[in-house]
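Take a look at the letters that make up each chain.
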Amino acid sequence: MNPGPTPPTQEAPAEVPGGAEPDEAPEPSKYPDASTPAPRRKKPRGARFAGLEVDDEVAAGYAPPLPGPPEPDRSGAPAPRGARFGGAAAETEDHGGRGGQGGHAGRGRGRTGRDRPADGAADPVAPDPAAGQAVAGAVAQLVRLRADGRSGEAHVVLCEVAAWPAPRLPVLALALHRAGLAADWTTLLWEVSSLPPAGFAAAAGALAAAGREADCGLLLRQGVARPAAEVADAALALDGSGRDDRARDLLGAFIRVRTPREAAQLALSGGTRLLPLLLAAAREVSGEAEWDLVHALRVAGVPGV
């Protein structure tokens, strides 16, 4: 009896290491071994991480934090902030704080802000306690007269105001412009230009001291219509008050609109004290004006030329 075909032998399955089932993957541990190194992160790149020293060979679990700003010194009062307090921090440092020794308590602006407004002109300050009230009353009267069409009476008020003390002029200028009476201010300057030489010089000096250079220049140019002797007196008054530059401006305006012969009359009226100012003013006008003046002075027999 022939034996049947031998069934194929089945090989035993290969032993899976670790005792795991052959078709099952090992379950990852919920708690990784402390000895297992953490996965390395890539070196941070970009402008945000410029300058960071990160070693490629050392595993970094996180990027080191960037250094923060230094803690402010809170020993003193906090510095004011905002546009209203521009420059206050610098002044606080310079003067040792708001309440420090040598400081100016309550000052919020720098030196430039205290002395000059935004347009660069000095703030007109009322020269006496009654000045502010007088100026307000005169401007209110002018506004009322102009509204009623009584221009004649308004001009009378301007003539009276022109004889006021010179330090009130800058205050009047500001008040008239704020009230919309700029034309009345121009008329007032014309009336001031006809004052006696001392008053005329005082008015020009007050406008210059208040930083109203354009108004001062207009007043000086209007003053050259006066007789030569009065112009000489006004120039000497300006020079005597320490405003020799304004005296030269007045004489220069005279030289521009009057003849060299009339300019020579100034030197005869003012004497030797006026002669250097007159020659300097002619030199500032032009070389030709200086030559014409020198020739006229020699013809008129002015000594020292």
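Just so it is clear, the model here is predicted, and its values are computed rather than measured.

Rules behind the numbers
- Residues numbered from 1 in each chain as written.
- Predicted model: local features only at pLDDT ≥ 70, side-chain atom pairs only at ≥ 80, totals over all residues.
- Heavy atoms only, no water.
- Helix = DSSP H or I, 4+ residues; strand = E, 2+ residues; numbered from the N terminus.
- Buried < 20%, exposed > 50% of the residue type's maximum accessible area, 1.4 Å probe, protein only.
- Contact = heavy atoms within 4.5 Å.
- Areas by Shrake-Rupley, 256 points an atom, 1.4 Å probe, with all protein chains shown as cover.
- Axes fitted to C-alpha atoms, helices over the stretch in contact; angles between N-to-C directions.
- Parallel < 35°, antiparallel > 145°, perpendicular 65-115°, else oblique.
- Left-handed = near helix turned anticlockwise from the far one by under 90°.
- Phe/Tyr/Trp six-rings, centres within 6.5 Å; stacked < 30°, edge-to-face > 60°.
- Lys NZ or Arg CZ within 6 Å of the ring centre and 35° of its normal.
- Salt bridge = Lys/Arg side-chain N within 4 Å of Asp/Glu carboxyl O.
- Lys, Arg positive; Asp, Glu negative; His and termini not counted.
- Core = buried A, V, L, I, M, F, W, Y, C linked by side-chain atoms within 4.5 Å.
- Expected span 1.5 Å × (residues − 1).
- Arc of directions from axis to C-beta.
- pLDDT = per-residue confidence, 0-100.

Draft legend 1. Examining the overall build of the protein chain more closely. Check the secondary structure of the protein chain and you find 13 helices and zero strands. Its helices and strands taken in sequence order, the protein chain reads α-α-α-α-α-α-α-α-α-α-α-α-α from the N to the C terminus. Buried residues in the protein chain amount to 28% of all 305 residues. A fraction of 57% describes how many contacts in the protein chain between residues 6 or more apart in sequence connect residues 24 or more apart. Carbon together with sulfur atoms contributes 54% to the accessible area of the protein chain, which is approximately 20,500 Å² in total.

Draft legend 2. Region of the structure containing the packing of helix 7 (residues 197-209) against helix 8 (residues 213-223). Axis separation between helix 7 and helix 8 bottoms out at 8 Å; the angle between their running directions is 160°. On the basis of their axis angle, the class for helix 7 and helix 8 is roughly antiparallel. Between helix 7 and helix 8 lies a crossing whose hand is left-handed. Of the residues in helix 8, those in contact with Phe200, Ala203, Ala204, Leu207 and Ala208 of helix 7 are Glu213, Asp215, Cys216, Leu219, Leu220 and Gly223.

Draft legend 3. Expanded view of the packing of aromatic side chains. Within this structure, the stated rule accounts for zero aromatic pairs. Cation over ring: Arg168 sits above Trp164, and NZ or CZ is 5.1 Å from the ring centre. Its end group placed over the ring of Phe200, Arg226 keeps NZ or CZ at 5.1 Å from the ring centre.

Draft legend 4. Here's a closer look at helix 12 (residues 275-285). Within helix 12, burial applies to Leu275, Leu277, Leu278, Leu279, Ala280, Ala281 and Ala282. Those residues of helix 12 that are buried lie in contact with helix 9 (228-240), helix 10 (244-257), helix 11 (260-270) and helix 13 (287-299).

Draft legend 5. Representation of the pattern of salt bridges. This model, assessed by the stated rule, comprises 13 salt bridges. Here Arg273 and Asp239 are joined by a salt bridge, their closest N and O atoms 3.6 Å apart. Placement of the pair is Arg273 in the loop between helix 11 and helix 12 and Asp239 in helix 9, with a sequence separation of 34 residues. What makes Arg273 partly exposed here is its relative accessible area of 44%. Ionic pairing is found between Asp245 and Arg246, a salt bridge with its closest N-O pair at 4.0 Å. Via salt bridges that share partners, Glu213, Asp245, Arg246 and Asp249 belong to a single interconnected network.

Draft legend 6. Looking closely at the side chain of Glu191. Following the sequence through the fold, Glu191 ends up in helix 6 (residues 182-192). In this structure, Glu191 is buried with no salt-bridge partner, the nearest side chain bearing the opposite charge being Arg146 at 9.9 Å. The contact partners of Glu191, leaving out residues within four places of it in the chain, are His155, Cys159 and Ala162.

Draft legend 7. Inspection of the environment of Val135 at higher detail. With respect to the helices and strands, Val135 occurs in helix 3 (residues 129-148). A relative accessible area of 3% places Val135 in the buried class. Taking the C-alpha atoms as reference points, Val135 and Val161, separated by 26 residues in sequence, lie 8.9 Å from one another.

Draft legend 8. Examining the side chain of Arg246 more closely. Structurally, the position occupied by Arg246 is in helix 10. Residues in contact with Arg246, not counting those within four places in the same chain, are Ala208, Glu213, Cys216, Leu220 and Leu238.

Draft legend 9. Structural context of the nonpolar core. Core analysis: the largest hydrophobic core is formed by 61 residues, its most contacted members being Leu188, Leu250 and Leu266. Looking at this core, the element that brings in the most residues is helix 9, giving seven residues. Those residues in contact with Leu266, other than ones at most four positions away along the chain, are Ala228, Val231, Ala232, Leu251, Phe254, Leu274 and Leu278.

Draft legend 10. Up close: helix 13. For helix 13, which comprises 13 residues, the first-to-last C-alpha distance of 19 Å matches the rise-based estimate of 18 Å (1.5 Å per residue) to within 8%. Burial in helix 13 covers these residues: Ala289, Leu293, Val294, Ala296 and Leu297. Burial along helix 13 is one-sided: seen end-on, the buried residues are contained in an arc of 165°. Seen from the open side of helix 13, the exposed residues pointing more than 90 degrees away from its buried face are Gly287, Glu288, Trp291, Arg298 and Val299. If you follow the buried residues of helix 13, they end up packed against helix 10, helix 11 and helix 12. Directly beyond the C-terminal end of helix 13, a positive phi value near 75° is found at Gly301.

Draft legend 11. Layout of the confidence of the model for the protein chain. Averaged over the protein chain, the pLDDT score is 73; the fraction of residues at 70 or greater is 58%. Of the regions scoring below 50 in pLDDT, residues 56-63 engages in eight contacts with residues more than four places distant in sequence or in other chains.

Draft legend 12. Structural view of the environment of Leu218. By the secondary structure assignment, Leu218 is in helix 8. Exposure remark for Leu218: the relative accessible area of 26% places this residue in the partly exposed category. In this structure the C-alpha to C-alpha distance between Leu218 and Thr186, which are 32 residues apart in sequence, comes to 9.1 Å.

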